[in-house]
Amino acid sequence: MTANVAEEKTPAVPVWNDRAVSVSERVDALVGAMTLREKIAQLYGVWVGASDEGGDVAPHQHDMEEAVDLDVLLPAGLGQLTRPFGTAPVDAALGALSLMRSQARIAAENRFGIPALAHEECLAGFAAWGATAYPVPLSWGATFDPVLVRRMAAAIGRDMRSVGVHQGLAPVLDVVRDARWGRVEETIGEDPYLVATIGTAYVQGLESAGIVATLKHFVGYSASRAGRNLAPSSVGPRERADVLLPPFEMAVREGGARSVMHAYTDLDGIPAAADEDLLTGLLRDTWGFDGTVVADYFGIAFLTTLHAIAGDWADAAGAALRAGVDVELPTVKTFGIPLEEAVTDGRVPETLIDRALRRVLTQKTALGLLDADWTPLPPALTGADLDTPDTLRGSIDLDSPANRALARTLAEEAVVLLSNDGILPLTAPRRIALLGPNADEPTAVLGCYSFPQHIGVHHPHSPLGITLPTLRDTLTAEFPDAEFRAVRGTGIDDGDTSGIPEAVRAARDADIAVVVLGDRAGLFGRGTSGEGCDAESLALPGAQQHLLDALLDTGTPLVTVLLAGRPYALGRATDESAAIVQAFFPGEEGTHAIAGILAGRLNPSGRLPVSVPRTPGAQPTTYLGPRLAHANNVSNIDPTPAFPFGHGLTYTTFHWTDLTVDHHEAPTDGEFSLALTIRNTGRRPGTETVQLYLHDPVASVVQPLQRLIGYTRLALDPGQARRLHVTVPADLASFTGRNGQRTTEPGTLELRLASSSTQPHLTTHLTLTGPEHHPDHTRHLHAVFVVGQEPVARA
């Protein structure tokens, strides 16, 4: 009798909530129990904003969309919550409480108790008020340090997961093809191998914290014509395969990314959101990706409004589903009532809904969102008094000392010393003129997807939430006995020259002048760098070049510092500045890093992830071009950069010697083994970035003059020498052949061991023998670098 009563009081756990059942069985059972409307509800998000009082999230009215009614939507369920922390300034603890209460409501109001998956931006840190603003991805590339980037991503992921977030919309794996594009700051660089290795490390770090990493933008976004945002991309299949796709392939194969975001652009007339060959044929059938494909914001609706390949919302939804898009973001539009009606009238088969739904529910199951013991309580609120929200305010620190220390280390490794006539490091100057629009601007270190620049600018009365010391602050701390005179001179892009005479007087009266130029990050024309902030040329914005030239005319030694989101041509300053320091939006600790390098407290080790042009108009160009893309006698335009990809100086010197090769011949499916010795011949500890480039003198299709196939950082004390061993698989010489198939051809190759793309130190010629080899997506992707018996940070 007692047992029967117990059975009545303890109903059986539904199959989809039972962890003892396989994931596929749980998902199949749930799909079979759902109505069409409930199925579709799992395939879209709703844009919300967390409450700063800890209440439920509120739907966000975006300029492009109508408001949604949660009371109407939630009984059917909800797939995602869009940016609860990244929509308005909200205290982290109260935001976590608000998200918790909203998740409880979402789960309670649908028949199956399914919560939403919450996603946020995390391009340069968790894009939430008060969270650490790390250097932007272009600075990650400048470190050439995947291990450090992996650590940063893990820290970002832990912060996100602690407050109830599940998915991060990063990293950007677009390879820079035209530096005029506004989103260059969001990329990792102009070389696919560098982008792939750094981006994959970021994915590994984020995923290690339990956050679903989202690869974007798949694919071709950065190859838009003239660098204009969303412009058509006209690249051939070979450029797509050998330049644009490798970062995504590596991040899927080695990073374990669980989500991919389609690009906005069309590639040769096919929008990515409707490209079945790309999103299903390549991504899933060839690479084996089994996660979710999410829409870039409003990207499915753009099939109708911008691309005009769909006549209405239902046609757009059907095209995206057929291609392989699973989730509509940021909010419900085409995947709502229009899709439901299209299924009902037979325009879209329900099997496409079920296919996407299985992927979404499989991911939610993996995240524990379907488990019987799921709780909306985030880890950071465990043990907190949830009934008195005011006591929670300030209790969660998203900008911890450990985070700031990591942000500083990244910034220190990312700052690139472009030129130096010996003036750096500065030796106790008495009078310093600190000039330029970014010398005393706190937000000059932030990119457009940092919270203060992305969201905070719309809330001018809200505090920044993080401490942003200016370069004036950090330089005065480095040189406490110096006399500083600060003059702005001109704005970033206002064209005002009225302040230049005062800046000139300040420079003439100083022992040293430091001019701080560059960008202001923003969105859609509100900045000089960032999404929708494309440049007509790579001339410095506004009147900054006028200021720079006027300061050079003073004769006072001039140190030029760039806080920017893209490389700029610097005119005379390329040759006439006493020193040039490049920092790509180095984050909240960035000015400490710059000041430390100027003072000599730090030895610079950053390397350029993008070439710095000599002239502003020779675009688009990158180092990764065939012979005719470089300077030649058939064009009067010389695209030779002022400072090449991979370039960067230090305060010490290195000597490269004793290159040996085990065998100068290997089969097309074999490998080569090399070794060399590098010695620090200077008086300071330093880090050399060893870069391995491949030159293929004769190939069946036109090849880049050279391309990066490996790299590693090597830290050496003064006088110290290390023997570096390198294993180079022949697969790294493969490319897409005439028939569209990847091939490794027999013939002679040249390997260049270099400190930049134009500074080879040791070169060897090797020969591949035997028949053509056709490696597939399981091919070797890396050269392996080993010091002695201990491996160094491998890329």
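Notes on the structure follow. (Residues numbered from 1 in each chain as written. Predicted model: local features only at pLDDT ≥ 70, side-chain atom pairs only at ≥ 80, totals over all residues. Heavy atoms only, no water.)

### Topic: the overall build of the protein chain
- When helices and strands are counted, the protein chain shows 22 helices and 28 strands.
- Taken against the 2.2 N^0.38 rule, which gives 28 Å for 795 residues, the C-alpha radius of gyration of the protein chain at 27 Å falls within 12% of a compact globule.
- Structurally, the protein chain occupies a C-alpha span of about 90 × 70 × 55 Å along its principal axes.
- Across the 795 residues in the protein chain, those meeting the buried criterion constitute 63%.
- Put simply, the protein chain has 61 plus and 95 minus side-chain charges, and the middle of one group is 3 Å from the middle of the other. (Helix = DSSP H or I, 4+ residues; strand = E, 2+ residues; numbered from the N terminus. Rg over C-alpha atoms; globule rule 2.2 N^0.38 Å. Buried < 20%, exposed > 50% of the residue type's maximum accessible area, 1.4 Å probe, protein only. Lys, Arg positive; Asp, Glu negative; His and termini not counted. Charge placed at Lys NZ, Arg CZ, Asp CG, Glu CD.)

### Let's talk about helix H10 (residues 246-253)
- Across the eight residues of H10, seven count as buried, placing the element largely inside the fold.
- Taken together, the buried positions of H10 are occupied by Pro246, Pro247, Phe248, Glu249, Met250, Ala251 and Val252.
- Lining the buried residues of H10 we find helix H8 (192-208), strand E6 (212-218), helix H9 (237-244) and helix H11 (276-286). (Contact = heavy atoms within 4.5 Å.)

### Notes on the packing of aromatic side chains
- Taken as a whole and assessed by the stated rule, the structure comprises 15 aromatic pairs.
- A ring pair is formed by Phe144 and Tyr711, whose centres lie 5.1 Å apart and whose planes are at 75°; its orientation type is edge-to-face. Of the two residues, Phe144 is situated in the loop between helix H6 (137-143) and helix H7 (146-162) and Tyr711 in strand E21 (residues 707-716); the sequence distance between them amounts to 567 residues.
- The exposure class assigned to Phe144 is buried, which follows from its relative accessible area of 1%.
- Summarising the aromatic geometry, the rings of Tyr264 and Phe302 are spaced 5.4 Å apart at their centres and angled 50° between planes, so their arrangement reads as tilted. In this pair, Tyr264 is assigned in the loop between strand E7 (259-262) and strand E8 (266-267) and Phe302 in helix H12 (residues 302-305), connecting sequence segments 38 residues apart.
- Of the residues examined, Tyr264 reaches a relative accessible area of 10% and is grouped as buried.
- Through a chain of ring-to-ring contacts, the aromatic side chains of Phe144, Tyr193, Tyr623, Phe645, Tyr693 and Tyr711 assemble into a single cluster.
- Looking at Lys216, its charged tip hangs above the ring of Tyr449, at a distance of 5.6 Å from the centre. (Phe/Tyr/Trp six-rings, centres within 6.5 Å; stacked < 30°, edge-to-face > 60°. Lys NZ or Arg CZ within 6 Å of the ring centre and 35° of its normal.)

### Some details on the pattern of salt bridges
- The final tally for this structure, using the stated rule, is 39 salt bridges.
- Residue Asp326 is joined to Arg284 by a salt bridge in which the shortest nitrogen-to-oxygen separation is 2.9 Å. With Asp326 in the loop between helix H13 (313-323) and helix H14 (337-344) and Arg284 in helix H11, the pair connects residues that are 42 residues apart, well separated along the chain. Across the pair, Arg284 and Asp326 agree in class, each one buried.
- Via salt bridges that share partners, Asp399, Arg404, Arg408, Glu588 and Glu589 belong to a single interconnected network. (Salt bridge = Lys/Arg side-chain N within 4 Å of Asp/Glu carboxyl O.)

### Some remarks on the sheet that holds strand E26 (residues 760-769)
- Within the open sheet, the five strands sit side by side as E18-E26-E25-E20-E21. Their pairing is mixed. The sheet terminates laterally at strand E18 (665-667) and E21, the two strands that pair on one side only. The sheet shows a mean angle of 25° between the axes of neighbouring strands, taken without regard to direction.
- Note that strand E20 (residues 686-695) and strand E25 (residues 747-754) share five bridges and pair antiparallel. Directly across from His695, in E25, lies its bridge partner Glu750. (Pairing = 2+ DSSP bridges. Axes fitted to C-alpha atoms, helices over the stretch in contact; angles between N-to-C directions.)

### Focus on the nonpolar core
- With 187 residues, the main nonpolar core has Phe126, Tyr202, Phe218 and Leu435 as its most contacted residues.
- Every residue in contact with Leu435, bar those within four places of it in the chain, is listed here: Val487, Ala503, Ala506, Ala507, Ala513, Val514, Val515, Val516 and Leu551.
- Core analysis: the next-biggest nonpolar cluster, separate from the first, contains 37 residues, Ala133, Ile423, Val445 and Ala578 among them. (Core = buried A, V, L, I, M, F, W, Y, C linked by side-chain atoms within 4.5 Å.)

### Observations regarding the sheet that holds strand E13 (residues 483-487)
- Spatial strand order, E11-E16-E15-E14-E12-E13: six strands in an open sheet with mixed pairing. Since the sheet does not close on itself, it has two edges, and those belong to strand E11 (416-420) and E13, each with one partner. The mean inter-strand angle of the sheet, taken between neighbouring strand axes irrespective of direction, is 15°.
- Summarising the sheet, strand E12 (residues 431-435) and E13 pair through five bridges and their orientation is parallel. The residue of E13 that forms the bridge with Leu435 is Val487.
- Of the strands in this sheet, E12, E13 and strand E14 (512-518) touch helix H19 (residues 500-508), which is tilted by about 165° from E13.

### With respect to the side chain of Ser450
- Along the chain, the position of Ser450 falls in the loop between E12 and helix H17 (451-454).
- Polar contacts involving the side chain of Ser450 include one to the main-chain carbonyl oxygen of Gly447, which spans 2.7 Å. (Polar contact = N/O pair within 3.5 Å; in protein donor to acceptor, adjacent residues only side chain to side chain.)

### Here we look at H7
- Here H7 is 17 residues long and its end C-alpha atoms lie 24 Å apart, about the 24 Å a rise of 1.5 Å per residue gives.
- When you tally the buried positions in H7, you get twelve out of 17 residues, the bulk of the element.
- Of all the positions in H7, only Pro146, Leu148, Val149, Met152, Ala153, Ala154, Ala155, Ile156, Gly157, Asp159, Met160 and Ser162 are classed as buried.
- In the core, the buried residues of H7 are packed alongside strand E4 (117-120), H6, strand E5 (167-168), H8, helix H16 (401-414) and E21.
- Phi turns positive, to about 105°, at Gly164, one or two residues after H7. (Expected span 1.5 Å × (residues − 1).)

### Re the packing of H19 against helix H20 (residues 544-552)
- One way to put it is that H19 packs onto H20 with a least axis distance of 9 Å and a crossing angle of 30°. Of the possible angle classes, the one that applies to H19 and H20 is roughly parallel. Viewed along their axes, H19 and H20 form a crossing whose handedness is right-handed. The segment H19 lies against H20, with Ile500, Ala503, Val504 and Ala507 engaging His546, Leu547, Ala550 and Leu551.
- Split into classes, the residues belonging to the contact of H19 with H20 amount to seven nonpolar, one polar and no charged. (Parallel < 35°, antiparallel > 145°, perpendicular 65-115°, else oblique. Left-handed = near helix turned anticlockwise from the far one by under 90°. Nonpolar A, V, L, I, M, F, W, Y, C, P; charged D, E, K, R; others polar.)

### Description of the state of the cysteines
- Applying the stated criterion to the full structure yields zero disulfides.
- Unpaired in terms of disulfides, Cys122 finds its nearest cysteine sulfur in Cys448, a separation of 14 Å.
- Cys533 forms no disulfide, and the closest cysteine sulfur to it belongs to Cys448, at a distance of 7.2 Å. (Disulfide = S-S within 2.5 Å.)

### A few points about unusual backbone geometry
- The linkage connecting Leu424 with the following residue, Pro425, adopts the cis geometry, with an omega of 0°.
- Note on placement: Pro425 falls in the loop between E11 and E12.
- In this structure, Pro620 follows Gln619 across a cis peptide bond, with omega equal to 0°.
- Inspection of the secondary structure puts Pro620 in the loop between helix H22 (590-599) and strand E17 (654-661).

### Digging into the pairing of E14
- Within E14, seven of the seven residues are buried, which leaves it mostly tucked inside the rest of the structure.
- Side chains Ile512, Val514, Val516 and Gly518 project from E14 onto one buried face, and the interleaved Ala513, Val515 and Leu517 project onto a second face that is buried too.
- Note that E12 and E14 share four bridges and pair parallel. By the bridge assignment for E14, Leu434 is matched with Val514.
- Examined bridge by bridge, E14 and strand E15 (residues 558-564) share six bridges and lie parallel to one another. Looking at the pairing, Ala513 lines up with Leu558 of E15.
- Note that the unit made of E14, H20 and E15 has a crossover that is right-handed. (Right-handed = clockwise from strand over helix to strand, strands pointing away.)

### Description of the environment of Pro667
- Residue placement: Pro667 occurs in strand E18.
- A relative accessible area of 42% means that Pro667 is categorised as partly exposed.
- Separated by 102 residues in sequence, Pro667 and Thr769 have C-alpha atoms that sit 4.6 Å apart.
- For Pro667, the residues in contact, after removing those within four places along its chain, are Ala730, Leu768 and Thr769.

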